[in-house]
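# Summary of the model geometry
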2 protein chains.
Amino acid sequence: MDGVSAASPAAGVGPFAAATAVAPDGPDRWSGEVAPGWDIVGNANGGYLLAMAGRAMVAATGRPGPVSVTAHYLAPARPGPVDVATTVVKRGRRFSTASATMAAGDRPVLAAIGTFGELASVGGGHHRVESAPPSLPGPDRCVPLEPGDVFPPPFMARVELRLHPDDAHFAEGRPSGEPRVRGWFRLRHGEPLDAVGLLLAADAFPPTAFNADLPVAWTPTVELTVHVRAAPAPGWLRCAFTTRFVTGGFLEEDGELWDGTGALVAQSRQLALVPRS
Amino acid sequence: MDGVSAASPAAGVGPFAAATAVAPDGPDRWSGEVAPGWDIVGNANGGYLLAMAGRAMVAATGRPGPVSVTAHYLAPARPGPVDVATTVVKRGRRFSTASATMAAGDRPVLAAIGTFGELASVGGGHHRVESAPPSLPGPDRCVPLEPGDVFPPPFMARVELRLHPDDAHFAEGRPSGEPRVRGWFRLRHGEPLDAVGLLLAADAFPPTAFNADLPVAWTPTVELTVHVRAAPAPGWLRCAFTTRFVTGGFLEEDGELWDGTGALVAQSRQLALVPRS
């Protein structure tokens, strides 16, 4: 049911699995390829890069489930080969923790740390939820982001987003005024999303700043942390990203990702720069 | 104004600065000492350990301000010597990023990653705040946590907490029912809190679980991320920690730390285990 494929892509795997696959390249080293089309204006999506680093850490630890993963983004990555160097810091009974550095040539693009385990093994016990999935019209009544030349970016040919109608009109000069983006997410071509894919989903939506009165063209991610609470059930994810604090040149974006069973599958927070424009 | 002291403690530094000081011990290596009294039932507080690792990363990068720091906790640490190995992954124009591993003997206790810069240099520009500091009675009308033998832990002789009266009676069998802890924080003995000290403050309060109907004696931290938005002004910090999701054997604790000028100085989130009890 998990479907994490850590090593090289097998015949028949989907585009996301293939585009994030890593192959062993010596002790604690993995090679991968930033595939075309997973970029925005030439720079690979941060969640996509983190998913690839996640595959390397899954392979290094031998644990399929990303419990908590953090990336710091160091430089943009363009399509082409990358290396991931991993260090397993601890192998525990339930969890293992690894760090990873992804480099394109000799330029580091991402540094990450993560704890991995068996997501299913931690279930049961106490349960309390103070919040609910975001209220969204059905996917057919939301606004699809179909790939264009610049916006929506060609990356939208890789992931399928349907935005809440209230949050979907920033590109036509009608931002909602609220720093929030809600919508549905799934991979294209019916490809199932595994737990590592949640790292992609956590960074796939347009910036919340686009719906606020912030005259910025982009908010570069400094840091992204994803806590995975459960492997996602097949189908659409229901997602919401909100910003509460734009201060000191930074903003945070808090994400919640829920699957079709109504389970919270991931929480995310990223710290992004707010260019002075 | 910053007051980060990265290297060995000078005469006259406060107890927190002394207890988190690290000294160079070879290339990319730092030695420190987990000081007595910063523990809870023998195990050093996680924020305290992260602050020490933060000092090592400040020294390694030469950048005083922790912009975003994440720790994964690997094993409890008891008072005694520790080593911190650092790797500077990138030295940038505005920011530098480092990883750190703290070990007691050959046992790793903490793995961290952080991006550091000059907090003041990123100010200005856009500003938008959707939330306000938590509403708290003044420190004199809140409930002091004074150190006891078990609870409040002796650690409360190192930090000074005053809890919101509504959140302060879990130890007498009267939890509020809400997974929330609000209160004031400062160091004892009038010691000023620098930006690295916010890493301590982000993990100094009793677990939110104590105010919920969760029959747990502790919620061990798996991961803690702190985003520092500004160096804190002198005086009390106004803090709030809340939990919204107890699922799959985990809970998150989201923290907001505000200084006396009404500025958000840090946001934190930790992922903690919920023992099955």
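Provided above is the structure to which this section pertains.
Residues numbered from 1 in each chain as written. Chains lettered and ligands numbered in written order. Predicted model: local features only at pLDDT ≥ 70, side-chain atom pairs only at ≥ 80, totals over all residues. Heavy atoms only, no water.

### Examining the overall build of chain A
The criterion, for reference: Think of it this way: any DSSP run of H or I at least four residues long counts as a helix, any run of E at least two long counts as a strand, and we number them from the N terminus. The buried label applies to any residue whose accessible area, calculated with a 1.4 Å probe on protein chains only, is under 20% of its type's maximum; exposed applies above 50%, and partly exposed to all values in between. Contact between two residues is taken to exist if any of their heavy atoms lie within 4.5 Å; hydrogens are not considered. Calculation of accessible area relied on Shrake-Rupley with a 1.4 Å probe; when residues are assessed, cover is drawn exclusively from the protein chains displayed.
Check the secondary structure of chain A and you find three helices and 17 strands. Structurally, chain A occupies a C-alpha span of about 50 × 45 × 40 Å along its principal axes. Counting only residues that meet the buried cut, chain A has 60% of its 277 residues in that class. Long-range pairs, those at least 24 residues apart, make up 67% of the contacts in chain A between residues at least 6 apart in sequence. Looking at chain A as shown, the accessible area adds up to about 10,100 Å², and 53% of this sits on carbon and sulfur atoms.

### What about the interface of chain B and chain A?
The condition that has to hold: Here, a salt bridge means any side-chain nitrogen of Lys or Arg that lies within 4 Å of a carboxyl oxygen of Asp or Glu. Between N or O atoms, a polar contact is any pair within 3.5 Å; within protein, one atom must be a potential hydrogen donor and the other a potential acceptor, and residues adjacent in sequence are included only when both atoms are from side chains. At least two DSSP bridges between two strands are required for those strands to pair.
Each partner contributes to the interface: chain B provides 63 residues, whereas chain A provides 63 residues. The shortest N-O distance in the salt bridge between glutamate 256 of chain B and arginine 244 of chain A comes to 2.6 Å. The tally of links from chain B across to chain A stands at 26 residue pairs in polar contact (both at pLDDT 80 or more). Strand direction decides the pairing type here: strand E9 (residues 128–129) of chain A and strand E15 (residues 245–247) of chain B, joined by two bridges, are antiparallel. Looking across to E15 of chain B, one finds that valine 129 of chain A is bridged to phenylalanine 245 of chain B.

### Comments concerning the side chain of threonine 221 of chain A
All names here are of chain A. On the secondary structure map, threonine 221 appears in strand E13 (residues 221–228). Of note is the side chain of threonine 221, whose polar atom sits 2.7 Å from the side chain of glutamine 270. Other than its neighbours up to four places away in sequence, threonine 221 contacts Tyr73, Asp203, Gln270, Leu271 and Ala272.

### Considering unusual backbone geometry
One non-glycine residue with positive phi stands out, namely valine 41 of chain A, at about 50°. Note on valine 41 of chain A: relative accessible area 65%, which makes it exposed. Unusually for a residue other than glycine, histidine 189 of chain B sits at a positive phi of about 65°. Relative to the helices and strands, histidine 189 of chain B resides in the loop between strand E12 (180–187) and helix H3 (197–201).

### Quick word on the packing of aromatic side chains
The condition that has to hold: Only rings of Phe, Tyr and Trp enter the pairing, Trp through its six-membered ring, and a pair is recorded when the two centres are within 6.5 Å. The plane angle decides the type: under 30 degrees is stacked, over 60 is edge-to-face, the rest tilted.
Under the criterion given, the structure shown has 20 aromatic pairs over all chains. Pairing phenylalanine 205 of chain A with phenylalanine 241 of chain A gives two aromatic rings, centres 5.1 Å apart and planes at 40°, and the pair type is tilted. With phenylalanine 205 of chain A in the loop between helix H3 (197–201) and E13 and phenylalanine 241 of chain A in strand E14 (residues 237–242), the pair connects residues that are 36 residues apart, well separated along the chain. For the residue pair phenylalanine 205 of chain A and phenylalanine 241 of chain A, the accessibility class agrees, reading buried in each case. Centre to centre, the rings of tryptophan 184 of chain B and tryptophan 236 of chain B are 6.4 Å apart; their planes meet at 70°, and the pair counts as edge-to-face. Of this pair, tryptophan 184 of chain B sits in strand E12 while tryptophan 236 of chain B sits in the loop between strand E13 (221–228) and strand E14 (237–242); the two residues are 52 residues apart in sequence, bridging distant segments of the chain. An identical accessibility class is assigned to tryptophan 184 of chain B and tryptophan 236 of chain B; each is buried. Joined through ring pairs, the aromatic side chains of Phe16, Trp38, Tyr48 and Phe155 of chain A make up one cluster.

### Topic: the pattern of salt bridges
Oppositely charged side chains are able to pair whenever their charged atoms sit close together. Residue and element names in this part refer to chain A. Enumeration according to the criterion identifies 26 salt bridges over all chains in this entry. Between arginine 128 and glutamate 130 there is a salt bridge whose closest N-O contact spans 2.4 Å. Ionic pairing is found between aspartate 254 and arginine 269, a salt bridge with its closest N-O pair at 2.6 Å. Here arginine 269 lies in strand E17 (residues 264–273) and aspartate 254 lies in strand E16 (residues 250–258), a separation of 15 residues in the sequence. Relative accessible area serves as the criterion here: at 13%, aspartate 254 is assigned to the buried category. Residue class for arginine 269 comes out buried when judged on its relative accessible area of 5%. Taken together, the salt bridges that share partners define one network made up of Asp140, Glu160, Arg162 and Arg186.

### Observations regarding the relation of the copies chain B and chain A
Here is the rule we go by: Residues below a pLDDT of 70 in either copy are left out; the C-alpha atoms of the rest, at least 70 in both, set the least-squares superposition of the copies.
The transformation that overlays chain B on chain A combines an axial shift of 0.0 Å with a rotation of 180°, and the residual RMSD is 0.0 Å. Such a turn and shift between the copies fits a two-fold axis. Both copies contact each other with a shared surface, as 100% of the interface residues of chain B are interface residues in chain A too.

### Re the pairing of strand E7 (residues 95–104) of chain B
Here is the key point about a regular strand: its side chains alternate between the two faces of the sheet. Residues and elements named next belong to chain B. Burial analysis of E7 places seven of its ten residues in the buried class, which makes it a mostly covered element. Alignment of strand E6 (residues 80–91) against E7, held across eight bridges, turns out to be antiparallel. Its bridge partner lying in E7, alanine 85 is registered against threonine 101. Between E6 and E7, which follow one another and run antiparallel, lie three residues.

### Re the side chain of aspartate 203 of chain A
The line we're drawing: Positive charges are assigned to Lys and Arg, negative charges to Asp and Glu, while His and the chain termini are left out of the count.
Mapping aspartate 203 of chain A onto the fold places it in the loop between H3 and E13. No salt bridge forms around the buried aspartate 203 of chain A; measuring N to O, its nearest opposite-charge neighbour arginine 269 of chain B is 13 Å away. Of the polar contacts made by the side chain of aspartate 203 of chain A, one reaches the backbone nitrogen of glycine 46 of chain A; its length is 3.3 Å. Setting aside its immediate chain neighbours within four residues, aspartate 203 of chain A contacts Asn45, Gly46, Gly47, Thr221, Leu224 and Gln270 of chain A.

### Side note on helix H2 (residues 46–61) of chain A
Residue and element names in this part refer to chain A. Under the convention used in this document: The length a helix should cover is 1.5 Å for every residue beyond the first.
The first and last C-alpha atoms of H2 sit 22 Å apart over 16 residues, in line with the 22 Å expected at 1.5 Å per residue. Among the 16 residues of H2, 15 are classified as buried, and the element is accordingly described as predominantly covered. Capping the start of H2, asparagine 45 holds a side-chain oxygen 2.9 Å from the backbone nitrogen of glycine 47, two or three residues further along. Phi for glycine 62, located one or two positions after H2, is positive at around 70°.

### Quick notes on the environment of glycine 117 of chain B
Considering the arrangement of structural elements, one finds glycine 117 of chain B in strand E8 (residues 107–117). Once residues lying within four places of it in the same chain are set aside, the contact partners of glycine 117 of chain B are Arg63, Pro64, Gly65, Val67, Arg94 and Phe95 of chain B.

### Re the environment of proline 192 of chain A
Residue and element names in this part refer to chain A. As for its position among the elements, proline 192 is in the loop between strand E12 (180–187) and H3. Relative accessible area serves as the criterion here: at 67%, proline 192 is assigned to the exposed category. Each C-alpha atom of the pair proline 192 and alanine 60 lies 23 Å from the other, and the pair is 132 residues apart in sequence.

### Observations regarding the pairing of E16 of chain A
Residue and element names in this part refer to chain A. Within E16, nine of the nine residues are buried, leaving the element largely enclosed by the surrounding structure. Side chains Phe250, Glu252, Asp254, Glu256 and Trp258 project from E16 onto one buried face, and the interleaved Leu251, Glu253, Gly255 and Leu257 project onto a second face that is buried too. Pairing analysis gives two bridges linking strand E15 (residues 245–247) to E16, with the strands arranged antiparallel. Bridge pairing in E16 places valine 246 opposite leucine 251. What sits between E15 and E16 in their antiparallel hairpin is a turn of two residues, with glycine 248 showing a positive phi close to 60°. Strand direction decides the pairing type here: E16 and E17, joined by nine bridges, are antiparallel. In the strand pairing of E17, glutamate 252 is matched with leucine 271. If you look at the hairpin formed by E16 and E17, you'll find five residues sitting between the two strands, and glycine 262 has a positive phi there, around 85°.

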